[in-house]
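Chain by chain, the residues run as shown.
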Amino acid sequence: MDELKVVAFIVALVGGAVGAAAVMTWFERRMLGIWQDRLGPNRIGPFGIVLVAADMLKLLGKHDWIPPFADRPVFVLAPTAIVIAMMLGFAVVPFAPDLVVIDMNVGLLFFLAMTSLAVYSVLLGGLASNNKYALLGGLRSAAQMVSYEVFMGLSLMGVVMLAGSFSLPTIVEAQSQLWFAITQPLGLFVFIIAGLAESHRLPFDLPEAEHELTAGFHTEYGGMKFAMFMLGEYLGLMLISCMITTLFLGGWLGPVLPPIVWFFLKTFVVILFFILLRAAIPRPRYDQLMSLGWKVMLPITLINLMLTGAIALWQSGGMP
Amino acid sequence: MMGVLFYVAAVITVVAAIMAMTRSNAAHGLIFLIVTLLGIAVLFFLLGAPFAAALEIVVYAGAIMVLFVFVIMMLNLGEQARAREQSLLAFRYWLLPSMMAGVLLVELLLVFNRGLHPMAVETVTPKAVALSLFGPYILGVELASMLLLAGLVGAYHLGRDFLTKDRGRSQ
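Residues numbered from 1 in each chain as written. Chains lettered and ligands numbered in written order. Predicted model: local features only at pLDDT ≥ 70, side-chain atom pairs only at ≥ 80, totals over all residues.

A. Looking closely at the overall build of chain B. Secondary structure summary: chain B contains seven helices and zero strands in total. Across the 171 residues in chain B, those meeting the buried criterion constitute 17%. (Helix = DSSP H or I, 4+ residues; strand = E, 2+ residues; numbered from the N terminus. Buried ≥ 20, exposed ≤ 12 C-beta atoms within 10 Å, placed from the backbone.)

In structure tokens form, the structure reads like this:
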């Protein structure tokens, strides 16, 4: 792709991702409604889709208030971090054979780096709010995200071993015979759970847990700053879904339909699955979350890593 | 083009490092330190070491600095800590360290003038890093892993609840 096309693609990607995140707020509530045997938002426009515009208008029109006891510069900076980090993460996602902003040979590590930077948003938001609930939410999120980041990275190393590269297009190409979801079921399982914890969505939304912490780290936030946190969360969900599609479900590969349609179809199914999880699973207690992470997920990941390494070595004929 | 990018990133890194030292609010200092680490990552990337750049962000900015912020949040530093930090920034405290750092800087400049070409870009792929780590430098890797294991065991020992009376009932 030449320079101009890349720039056009980036603009389309940013616009598309933000638009998709906005529509997803409505779509998620609607799907939750169906699964929980109620209607969901269905009043404005066909199927209630104009609600997205109404929500945006409300958030934009709200008084943008900064509490007097807050640490002003950090308070303003915090919500931007998650959106920037998540948007940058999309730069390495290969939507189709040539449709990727940058094909780095460390693409997967870049994705991990960006998700790990997103932690700061929650952390600094909690710290700058100068409020007990926000502080507790921030503390929880720091422990949760740092713990789950460890095996989020480790669970992907099996895929890297089998594909022999950190570059995402190469990883997709390596799945032309068999998806990594079939050869790496443990990796996929751990990555889904770690991805949920990283994007702190409902089963793992302990940083905000509104029953105990009012709204956790974004208690003091309102208006557009709150919308930025929400945007970041939905971007994170989409990014994780894109990565699951790329790493485990064969990315753009598929018969008949054009590659990009396959990619979006698979990503859509993964997003639906995440919404279903939200509807189906209750929130665990905080200590349950941490012991699940360190006592179950980490051993599973290490076993997966060892087995994959042994099999890869055996297949390459390196073992006697 | 690479030169311009390099100097922009370098200036941001140095300014952020100076700001990190001179802030009296610990949280602000940490944010500038994170910016410094991000700047260093960009420099690594420009110098043809994308693997080192990615690890710089994942490990330092993404994990270690998060724990620093975590500790700051736990301690909940107030006005008192800020005053103490302020007193540490007095002229007599930073005079000697900055003189020593200045000497090091001059030495570094002299070394660079000996015809080294730091901008000569040859991209180091993750594979090359792995091959040299598990080839000629295997001893260093093993020593580091031993050290980390010792740290792990030590942290486990210190974190054990052997000081509380009703131990074993914590879960």
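B. Highlighting the overall build of chain A. Regarding its fold elements, chain A presents 13 helices and zero strands. The helix and strand sequence of chain A, counted from the amino end, reads α-α-α-α-α-α-α-α-α-α-α-α-α. Here chain A has a C-alpha radius of gyration of 20 Å; the compact-globule value for 320 residues is 20 Å, and the two agree. In terms of principal-axis extent, the alpha carbons of chain A reach across some 70 × 45 × 45 Å. Going through the 320 residues of chain A one by one, you find that 45% of them count as buried. A sequence separation of at least 24 residues applies to 77% of the contacts in chain A between residues at least 6 apart. (Rg over C-alpha atoms; globule rule 2.2 N^0.38 Å. Contact = placed C-beta atoms within 7 Å.)

C. Fine view of the packing of helix α6 (residues 132–163) of chain A against helix α3 (residues 50–75) of chain B. Direction vectors running N to C along α6 of chain A and α3 of chain B enclose 155°, while the axes themselves pass 10 Å from each other. Between α6 of chain A and α3 of chain B, the angle is such that the two are roughly antiparallel. The two elements α6 of chain A and α3 of chain B cross, and the hand of that crossing is left-handed. Taking contact as the criterion, the partners of L135, G138, L139, A142, V146 and E149 of chain A in α6 of chain A are, on α3 of chain B, G62, A63, V66, L67, V69, F70 and M73 of chain B. For the contact of α6 of chain A with α3 of chain B, the residue count by class is ten nonpolar, two polar and one charged. (Axes fitted to C-alpha atoms, helices over the stretch in contact; angles between N-to-C directions. Parallel < 35°, antiparallel > 145°, perpendicular 65-115°, else oblique. Left-handed = near helix turned anticlockwise from the far one by under 90°. Nonpolar A, V, L, I, M, F, W, Y, C, P; charged D, E, K, R; others polar.)

D. Representation of unusual backbone geometry within the structure. All names here are of chain A. You will see that D37, though not glycine, has its phi angle at about 60°, which is positive. In this structure, V256 takes a positive phi of about 60° despite not being glycine. With respect to the helices and strands, V256 occurs in the loop between α11 (223–248) and α12 (259–280).

E. Spotlight on the packing of helix α2 (residues 26–46) of chain B against α3 of chain B. All names here are of chain B. α3 packs onto α2 with a crossing angle of 175° between their chain directions and a minimal axis gap of 8 Å. In terms of axis orientation, α2 runs roughly antiparallel to α3. Here A26, A27, L30, L33, I34, L37, L38, I40, A41, F44 and F45 of α2 lie close against α3, whose contacting residues are P50, A52, A53, E56, I57, Y60, A61, M65, F68, V69 and I72. Its residues assigned to classes, the contact of α2 with α3 comprises 21 nonpolar, no polar and one charged.

F. Region of the structure containing the interface of chain B and chain A. On the chain A side, the residues contacting the 17 residues of chain B number 21 residues. The set of elements that each furnish at least two residues to the side of chain B that touches chain A consists of α2 and α3 of chain B. When residues of the side of chain B that touches chain A are assigned to their parent elements, the largest contribution, 13 residues, is made by α3 of chain B. Across the side of chain B that touches chain A, the residue classes tally to 15 nonpolar, two polar and no charged.

G. Seen up close, the domain arrangement of chain B. As assigned here, chain B comprises domain 1 (1–92) and domain 2 (125–160). Relative to domain 2 of chain B, the C-alpha centre of domain 1 of chain B lies at a distance of 25 Å. (Domains from an automatic or database assignment.)

H. View of the nonpolar core. In this structure, L117 of chain A together with A54 of chain B are the most contacted members of the largest nonpolar core, which totals 109 residues. It is α11 of chain A that contributes the most residues to this core, 15 residues altogether. The contact partners of L117 of chain A, leaving out residues within four places of it in the chain, are A81 and A85 of chain A together with I57, A61 and G62 of chain B. (Core = buried A, V, L, I, M, F, W, Y, C linked by C-beta atoms within 7 Å.)

I. Molecular detail of helix α1 (residues 3–35) of chain A. Residues and elements named next belong to chain A. In this model, α1 (33 residues) spans 45 Å end to end at C-alpha, consistent with the 48 Å of a helix rising 1.5 Å per residue. Considering bend angle alone, the principal kink of α1 is centred on M24 and spans about 30°. Residues A17, A21, W26 and E28 constitute the buried set of α1. Looking at the buried side of α1, the elements it contacts are α2 (51–61), α3 (72–89), α11 and α12. Downstream of α1 by a residue or two, D37 has a phi angle that is positive, lying close to 60°. (Expected span 1.5 Å × (residues − 1). Bend = angle between axes of the 7 residues up to and from the residue.)

J. Layout of helix α13 (residues 286–315) of chain A. Residue and element names in this part refer to chain A. Here α13 contains 30 residues, and its C-alpha end-to-end distance of 42 Å stays within 8% of the 44 Å for a straight helix at 1.5 Å per residue. The axis of α13 is deflected most strongly, by about 30°, at G293. Check the buried side of α13 and you find it contacts α6 and α9 (185–198). Of the residues trailing α13, G317 is marked for its positive phi of about 80°.

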